Amino acid sequence: MGVNVPVVAVDAGNSKTDVALIGADGTVLATARGGGFQPPRVGVEAAVDVLGSVLDRAVARLPSAPGSFGHISACLANADLPVEEAELTRALEARGWGTSVEVRNDTFAILRAGVDEPKGVAVVCGAGINCVGMVPDGRTARFPAIGRISGDWGGGGGLAEEALWCAARAEDGRGEPTELARTLPAHFGLDSMYALIEALHREVIPPARRHELTPVLFATGAAGDPVAAALVERQAEEVVAMASVALTRLGLLEEEVPVLLGGSVLAARHPRLNDRIAELLAARAPKAVARVVSEPPVLGAALLGLDRTGAGPEVHRRLREQYARP
(Lines give C-alpha, C1' and ligand atoms only; values in the text may rest on other atoms or scores of the structure.)
Protein backbone atom coordinates (compact mmCIF):
# COMPACT_ATOMS: atom_id res chain seq x y z
CA MET A 1 0.00 0.00 0.00
CA GLY A 2 1.39 3.41 -0.95
CA VAL A 3 2.09 6.45 1.20
CA ASN A 4 -1.04 8.45 1.96
CA VAL A 5 -0.69 12.23 1.80
CA PRO A 6 -3.60 13.98 3.56
CA VAL A 7 -2.32 17.48 2.72
CA VAL A 8 -0.46 18.78 -0.31
CA ALA A 9 0.80 22.29 0.46
CA VAL A 10 1.68 24.66 -2.37
CA ASP A 11 3.23 28.11 -2.05
CA ALA A 12 3.68 29.57 -5.51
CA GLY A 13 5.13 33.02 -6.06
CA ASN A 14 6.16 34.85 -9.20
CA SER A 15 9.73 33.57 -8.97
CA LYS A 16 9.48 30.15 -7.27
CA THR A 17 7.09 27.38 -6.26
CA ASP A 18 7.41 25.23 -3.13
CA VAL A 19 5.46 22.01 -2.59
CA ALA A 20 5.36 20.02 0.66
CA LEU A 21 3.62 16.67 1.16
CA ILE A 22 2.30 16.43 4.72
CA GLY A 23 1.41 13.25 6.60
CA ALA A 24 -1.56 12.81 8.92
CA ASP A 25 0.66 13.30 11.98
CA GLY A 26 2.19 16.54 10.64
CA THR A 27 5.35 14.92 9.29
CA VAL A 28 6.83 16.49 6.17
CA LEU A 29 7.04 13.48 3.87
CA ALA A 30 8.72 15.21 0.90
CA THR A 31 9.37 18.65 -0.55
CA ALA A 32 10.36 20.16 -3.89
CA ARG A 33 10.98 23.57 -5.40
CA GLY A 34 10.49 24.78 -8.95
CA GLY A 35 9.83 27.79 -11.13
CA GLY A 36 7.47 30.71 -10.68
CA PHE A 37 3.70 30.79 -11.06
CA GLN A 38 2.70 33.45 -13.59
CA PRO A 39 -0.73 32.85 -15.15
CA PRO A 40 -1.05 36.46 -16.43
CA ARG A 41 2.07 35.92 -18.55
CA VAL A 42 1.79 32.29 -19.68
CA GLY A 43 -1.89 31.46 -19.17
CA VAL A 44 -3.60 29.44 -16.47
CA GLU A 45 -2.98 25.97 -17.89
CA ALA A 46 0.73 26.54 -18.51
CA ALA A 47 1.08 28.02 -15.02
CA VAL A 48 -0.65 25.00 -13.48
CA ASP A 49 1.71 22.77 -15.48
CA VAL A 50 4.55 24.34 -13.47
CA LEU A 51 2.79 23.36 -10.25
CA GLY A 52 2.37 19.85 -11.63
CA SER A 53 6.05 19.49 -12.41
CA VAL A 54 7.02 20.54 -8.89
CA LEU A 55 4.44 18.17 -7.40
CA ASP A 56 5.86 15.32 -9.49
CA ARG A 57 9.32 16.12 -8.13
CA ALA A 58 8.04 15.98 -4.56
CA VAL A 59 6.21 12.71 -5.19
CA ALA A 60 9.41 11.19 -6.59
CA ARG A 61 11.08 11.89 -3.22
CA LEU A 62 8.53 9.97 -1.16
CA PRO A 63 10.04 7.01 0.71
CA SER A 64 7.73 4.63 -1.18
CA ALA A 65 5.16 4.77 -3.94
CA PRO A 66 2.36 7.30 -3.33
CA GLY A 67 -1.11 6.16 -2.37
CA SER A 68 -3.92 8.66 -2.02
CA PHE A 69 -3.70 12.47 -1.98
CA GLY A 70 -6.15 14.41 0.14
CA HIS A 71 -6.59 18.16 0.41
CA ILE A 72 -4.69 20.54 -1.87
CA SER A 73 -3.89 23.77 0.01
CA ALA A 74 -2.60 26.14 -2.66
CA CYS A 75 -1.47 29.69 -1.84
CA LEU A 76 -0.80 31.29 -5.21
CA ALA A 77 0.57 34.55 -6.52
CA ASN A 78 -1.71 36.35 -8.97
CA ALA A 79 -4.81 34.98 -7.20
CA ASP A 80 -5.67 38.55 -6.28
CA LEU A 81 -9.45 38.51 -6.69
CA PRO A 82 -12.06 35.94 -5.61
CA VAL A 83 -12.90 35.35 -9.28
CA GLU A 84 -9.25 34.47 -9.91
CA GLU A 85 -9.18 32.13 -6.91
CA ALA A 86 -12.28 30.39 -8.28
CA GLU A 87 -10.73 30.09 -11.75
CA LEU A 88 -7.54 28.59 -10.36
CA THR A 89 -9.49 26.27 -8.07
CA ARG A 90 -11.31 24.85 -11.09
CA ALA A 91 -8.02 24.44 -12.96
CA LEU A 92 -6.47 22.49 -10.07
CA GLU A 93 -9.61 20.39 -9.53
CA ALA A 94 -9.50 19.43 -13.20
CA ARG A 95 -6.07 17.86 -12.69
CA GLY A 96 -7.50 15.44 -10.11
CA TRP A 97 -4.52 15.72 -7.80
CA GLY A 98 -6.53 15.51 -4.57
CA THR A 99 -9.97 15.01 -3.09
CA SER A 100 -10.46 18.73 -2.39
CA VAL A 101 -8.82 22.02 -3.37
CA GLU A 102 -8.62 25.41 -1.70
CA VAL A 103 -6.86 28.28 -3.46
CA ARG A 104 -5.88 31.45 -1.63
CA ASN A 105 -3.69 34.42 -2.42
CA ASP A 106 -0.10 33.68 -1.40
CA THR A 107 -0.16 36.45 1.23
CA PHE A 108 -2.36 34.16 3.35
CA ALA A 109 0.52 31.66 3.49
CA ILE A 110 2.80 34.28 5.01
CA LEU A 111 0.14 35.21 7.56
CA ARG A 112 -0.63 31.63 8.61
CA ALA A 113 3.06 30.73 8.83
CA GLY A 114 3.57 33.43 11.43
CA VAL A 115 0.66 32.74 13.80
CA ASP A 116 -0.24 29.82 16.06
CA GLU A 117 -3.92 30.17 15.19
CA PRO A 118 -5.51 31.66 12.06
CA LYS A 119 -5.88 35.12 13.56
CA GLY A 120 -4.04 38.30 12.63
CA VAL A 121 -2.96 40.51 9.76
CA ALA A 122 -0.05 40.30 7.35
CA VAL A 123 1.36 43.05 5.13
CA VAL A 124 3.68 41.95 2.36
CA CYS A 125 5.91 44.52 0.70
CA GLY A 126 8.06 42.92 -1.97
CA ALA A 127 7.88 43.81 -5.64
CA GLY A 128 4.40 45.12 -4.86
CA ILE A 129 2.33 45.51 -1.71
CA ASN A 130 -0.56 43.50 -0.30
CA CYS A 131 -2.36 42.90 2.98
CA VAL A 132 -4.67 40.19 4.29
CA GLY A 133 -6.25 39.38 7.63
CA MET A 134 -8.09 36.37 8.99
CA VAL A 135 -9.88 35.12 12.11
CA PRO A 136 -10.67 31.55 13.22
CA ASP A 137 -14.34 31.71 12.20
CA GLY A 138 -13.25 31.94 8.55
CA ARG A 139 -13.77 35.65 7.97
CA THR A 140 -11.03 37.42 6.05
CA ALA A 141 -10.04 40.96 5.11
CA ARG A 142 -8.15 41.69 1.93
CA PHE A 143 -7.50 44.23 -0.81
CA PRO A 144 -7.47 43.72 -4.59
CA ALA A 145 -3.77 44.69 -4.56
CA ILE A 146 -3.31 44.86 -8.31
CA GLY A 147 -1.50 48.19 -8.50
CA ARG A 148 -2.44 51.82 -8.68
CA ILE A 149 -5.90 51.11 -10.12
CA SER A 150 -6.78 49.42 -6.82
CA GLY A 151 -5.33 52.24 -4.72
CA ASP A 152 -1.97 50.65 -3.95
CA TRP A 153 1.23 52.61 -3.48
CA GLY A 154 4.76 51.38 -3.03
CA GLY A 155 6.40 48.02 -2.87
CA GLY A 156 9.88 47.61 -4.33
CA GLY A 157 8.79 48.31 -7.88
CA GLY A 158 6.69 51.31 -6.93
CA LEU A 159 9.42 52.79 -4.75
CA ALA A 160 11.95 52.47 -7.58
CA GLU A 161 9.55 54.25 -9.95
CA GLU A 162 8.91 57.05 -7.48
CA ALA A 163 12.64 57.47 -6.85
CA LEU A 164 13.31 57.71 -10.60
CA TRP A 165 10.51 60.27 -11.01
CA CYS A 166 11.85 62.48 -8.24
CA ALA A 167 15.44 62.21 -9.47
CA ALA A 168 14.55 63.01 -13.09
CA ARG A 169 12.65 66.14 -12.08
CA ALA A 170 15.43 67.20 -9.74
CA GLU A 171 18.02 67.02 -12.50
CA ASP A 172 16.05 68.99 -15.10
CA GLY A 173 14.74 71.60 -12.64
CA ARG A 174 11.07 70.66 -12.49
CA GLY A 175 11.34 69.24 -8.99
CA GLU A 176 13.00 69.58 -5.62
CA PRO A 177 16.75 68.91 -5.46
CA THR A 178 17.63 65.43 -4.22
CA GLU A 179 20.72 63.28 -3.92
CA LEU A 180 18.76 60.58 -5.77
CA ALA A 181 19.71 62.38 -8.99
CA ARG A 182 23.28 61.33 -8.24
CA THR A 183 22.94 58.03 -6.36
CA LEU A 184 20.53 56.31 -8.77
CA PRO A 185 22.65 56.67 -11.93
CA ALA A 186 25.84 56.08 -9.93
CA HIS A 187 24.54 52.63 -8.98
CA PHE A 188 24.82 51.67 -12.65
CA GLY A 189 28.10 53.51 -13.21
CA LEU A 190 26.41 56.44 -14.98
CA ASP A 191 26.95 60.15 -14.39
CA SER A 192 23.47 61.62 -14.89
CA MET A 193 19.79 60.87 -14.73
CA TYR A 194 19.57 61.60 -18.44
CA ALA A 195 22.01 58.75 -19.08
CA LEU A 196 20.04 56.45 -16.78
CA ILE A 197 16.71 57.37 -18.39
CA GLU A 198 18.13 56.60 -21.82
CA ALA A 199 19.64 53.30 -20.66
CA LEU A 200 16.37 52.18 -19.08
CA HIS A 201 14.22 53.33 -21.99
CA ARG A 202 16.39 51.54 -24.57
CA GLU A 203 16.76 48.55 -22.24
CA VAL A 204 20.53 48.77 -22.20
CA ILE A 205 19.79 48.22 -18.52
CA PRO A 206 17.19 45.40 -18.43
CA PRO A 207 13.85 46.33 -16.85
CA ALA A 208 14.31 43.58 -14.26
CA ARG A 209 17.24 45.51 -12.78
CA ARG A 210 15.07 48.44 -11.71
CA HIS A 211 14.45 46.69 -8.40
CA GLU A 212 18.11 47.34 -7.56
CA LEU A 213 17.24 51.00 -7.08
CA THR A 214 15.07 50.39 -4.01
CA PRO A 215 18.02 49.74 -1.64
CA VAL A 216 19.70 52.84 -3.13
CA LEU A 217 16.62 54.85 -2.19
CA PHE A 218 16.77 53.60 1.40
CA ALA A 219 20.49 54.30 1.66
CA THR A 220 20.01 57.81 0.30
CA GLY A 221 17.20 58.48 2.77
CA ALA A 222 19.28 57.12 5.66
CA ALA A 223 22.07 59.52 4.66
CA GLY A 224 19.71 62.44 5.26
CA ASP A 225 18.22 63.26 1.86
CA PRO A 226 14.74 64.69 2.57
CA VAL A 227 13.13 63.59 -0.71
CA ALA A 228 14.25 59.98 -0.29
CA ALA A 229 13.29 60.04 3.39
CA ALA A 230 9.82 61.29 2.47
CA LEU A 231 9.29 58.30 0.17
CA VAL A 232 10.32 55.92 2.94
CA GLU A 233 7.93 57.73 5.31
CA ARG A 234 5.08 57.36 2.85
CA GLN A 235 5.78 53.64 2.49
CA ALA A 236 5.54 53.25 6.27
CA GLU A 237 2.22 55.13 6.24
CA GLU A 238 0.86 52.88 3.48
CA VAL A 239 1.81 49.70 5.36
CA VAL A 240 0.10 50.93 8.52
CA ALA A 241 -2.96 52.15 6.62
CA MET A 242 -3.50 48.68 5.13
CA ALA A 243 -2.89 46.91 8.44
CA SER A 244 -5.17 49.16 10.49
CA VAL A 245 -8.02 48.94 7.96
CA ALA A 246 -7.77 45.14 7.91
CA LEU A 247 -7.77 45.04 11.71
CA THR A 248 -10.83 47.29 11.79
CA ARG A 249 -12.74 45.19 9.27
CA LEU A 250 -12.18 42.07 11.39
CA GLY A 251 -12.97 43.77 14.70
CA LEU A 252 -9.41 43.23 15.93
CA LEU A 253 -8.35 46.83 16.46
CA GLU A 254 -8.80 46.58 20.23
CA GLU A 255 -7.25 43.12 20.60
CA GLU A 256 -3.64 42.04 21.06
CA VAL A 257 -3.03 40.42 17.70
CA PRO A 258 0.01 40.02 15.45
CA VAL A 259 0.68 42.22 12.46
CA LEU A 260 3.19 40.28 10.40
CA LEU A 261 5.55 42.01 7.98
CA GLY A 262 6.85 40.08 4.99
CA GLY A 263 8.33 40.50 1.54
CA SER A 264 11.82 41.57 0.52
CA VAL A 265 11.43 45.27 1.39
CA LEU A 266 10.19 44.66 4.95
CA ALA A 267 12.38 41.60 5.53
CA ALA A 268 15.44 43.78 4.84
CA ARG A 269 14.61 45.53 8.15
CA HIS A 270 15.56 49.05 7.06
CA PRO A 271 15.53 50.91 10.40
CA ARG A 272 13.94 54.07 9.02
CA LEU A 273 11.10 52.05 7.51
CA ASN A 274 10.45 49.32 10.05
CA ASP A 275 10.91 51.55 13.10
CA ARG A 276 8.52 54.10 11.62
CA ILE A 277 5.95 51.37 10.92
CA ALA A 278 6.14 50.36 14.59
CA GLU A 279 5.64 53.98 15.70
CA LEU A 280 2.67 54.60 13.42
CA LEU A 281 1.07 51.26 14.25
CA ALA A 282 1.37 51.98 17.97
CA ALA A 283 -0.63 55.17 17.40
CA ARG A 284 -3.36 53.62 15.24
CA ALA A 285 -3.56 50.11 16.72
CA PRO A 286 -1.89 50.23 20.15
CA LYS A 287 -2.48 46.57 20.98
CA ALA A 288 -1.13 45.18 17.69
CA VAL A 289 2.21 43.42 17.87
CA ALA A 290 4.34 43.85 14.73
CA ARG A 291 7.13 41.50 13.72
CA VAL A 292 8.93 40.42 10.58
CA VAL A 293 8.00 36.91 9.44
CA SER A 294 10.92 34.50 9.21
CA GLU A 295 8.94 31.28 8.70
CA PRO A 296 8.71 29.94 5.11
CA PRO A 297 5.36 30.55 3.41
CA VAL A 298 4.94 26.89 2.43
CA LEU A 299 4.57 26.19 6.16
CA GLY A 300 1.59 28.55 6.14
CA ALA A 301 0.03 26.73 3.20
CA ALA A 302 0.50 23.44 5.04
CA LEU A 303 -1.02 24.80 8.27
CA LEU A 304 -4.02 26.09 6.32
CA GLY A 305 -4.39 22.60 4.90
CA LEU A 306 -4.30 21.07 8.38
CA ASP A 307 -6.88 23.65 9.51
CA ARG A 308 -9.14 22.45 6.74
CA THR A 309 -8.72 18.77 7.62
CA GLY A 310 -9.40 19.37 11.32
CA ALA A 311 -6.00 18.23 12.54
CA GLY A 312 -5.33 18.68 16.26
CA PRO A 313 -2.88 21.08 17.93
CA GLU A 314 -0.19 18.43 18.33
CA VAL A 315 -0.18 17.86 14.56
CA HIS A 316 0.21 21.59 13.91
CA ARG A 317 2.99 21.73 16.50
CA ARG A 318 4.90 18.80 14.97
CA LEU A 319 4.70 20.39 11.53
CA ARG A 320 5.90 23.76 12.79
CA GLU A 321 8.84 22.18 14.63
CA GLN A 322 10.14 20.76 11.37
CA TYR A 323 10.36 24.25 9.90
CA ALA A 324 11.85 25.88 13.00
CA ARG A 325 15.15 27.60 12.34
CA PRO A 326 18.11 26.23 14.34
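Everything quoted here is computed from the prediction, not taken from an experiment.

1. What about the sheet that holds strand β3 (residues 28–34)?
At step 1: If you walk across this open sheet you meet the 5 strands as β3-β2-β1-β4-β5, and the pairing is mixed. In this open sheet, the two strands that pair with only one neighbour each are β3 and β5 (100–105). The sheet shows a mean angle of 20 degrees between the axes of neighbouring strands, taken without regard to direction.
At step 2: With 6 bridges connecting them, strand β4 (residues 66–76) and β5 associate as parallel partners. Bridged to Leu-76 within β5 is Asn-105.

2. What to know about the packing of aromatic side chains
At step 1: One pass over the structure, following the stated rule, counts 0 aromatic pairs.
At step 2: The cationic tip of Arg-104 hangs over the ring face of Phe-108; the distance from NZ or CZ to the ring centre is 5.2 Å.
At step 3: In this structure, Arg-249 is placed above the aromatic ring of Phe-143, and the distance from its NZ or CZ to the ring centre is 4.7 Å.

3. Observations concerning the pairing of strand β7 (residues 129–134)
At step 1: Across the 6 residues of β7, 6 count as buried, placing the element largely inside the fold.
At step 2: Burial of the side chains of β7 extends over both faces: Ile-129, Cys-131 and Gly-133 are buried on one face and Asn-130, Val-132 and Met-134 on the other.
At step 3: Bridge analysis of strand β6 (residues 120–125) against β7 gives 6 bridges, and the strand direction is antiparallel. If you follow Val-123 over to β7, its bridge partner there is Cys-131.
At step 4: From the end of β6 to the start of β7, which pair antiparallel, there are 3 residues.
At step 5: The antiparallel hairpin formed by β7 and strand β8 (residues 140–142) contains 5 residues in its connecting segment, where Gly-138 sits at a positive phi of about 100 degrees.

4. Some words on the sheet that holds β6
At step 1: Taken in spatial order, the 5 strands line up as β8-β7-β6-β9-β10 in an open sheet, and their pairing is mixed. Sheet topology places β8 and β10 (289–292) at the edges, where each strand pairs with a single neighbour. The average undirected angle you get between the axes of adjacent strands in this sheet is 15 degrees.
At step 2: Of the strand pairs in this sheet, β7 and β8 are connected by 3 bridges, and their pairing is antiparallel. Within the sheet, the bridge partner assigned to Val-132 lies in β8 and is Arg-142.

The rules behind each value
Residues numbered from 1 in each chain as written. Predicted model: local features only at pLDDT ≥ 70, side-chain atom pairs only at ≥ 80, totals over all residues. Heavy atoms only, no water. Pairing = 2+ DSSP bridges. Helix = DSSP H or I, 4+ residues; strand = E, 2+ residues; numbered from the N terminus. Axes fitted to C-alpha atoms, helices over the stretch in contact; angles between N-to-C directions. Phe/Tyr/Trp six-rings, centres within 6.5 Å; stacked < 30°, edge-to-face > 60°. Lys NZ or Arg CZ within 6 Å of the ring centre and 35° of its normal. Buried < 20%, exposed > 50% of the residue type's maximum accessible area, 1.4 Å probe, protein only.

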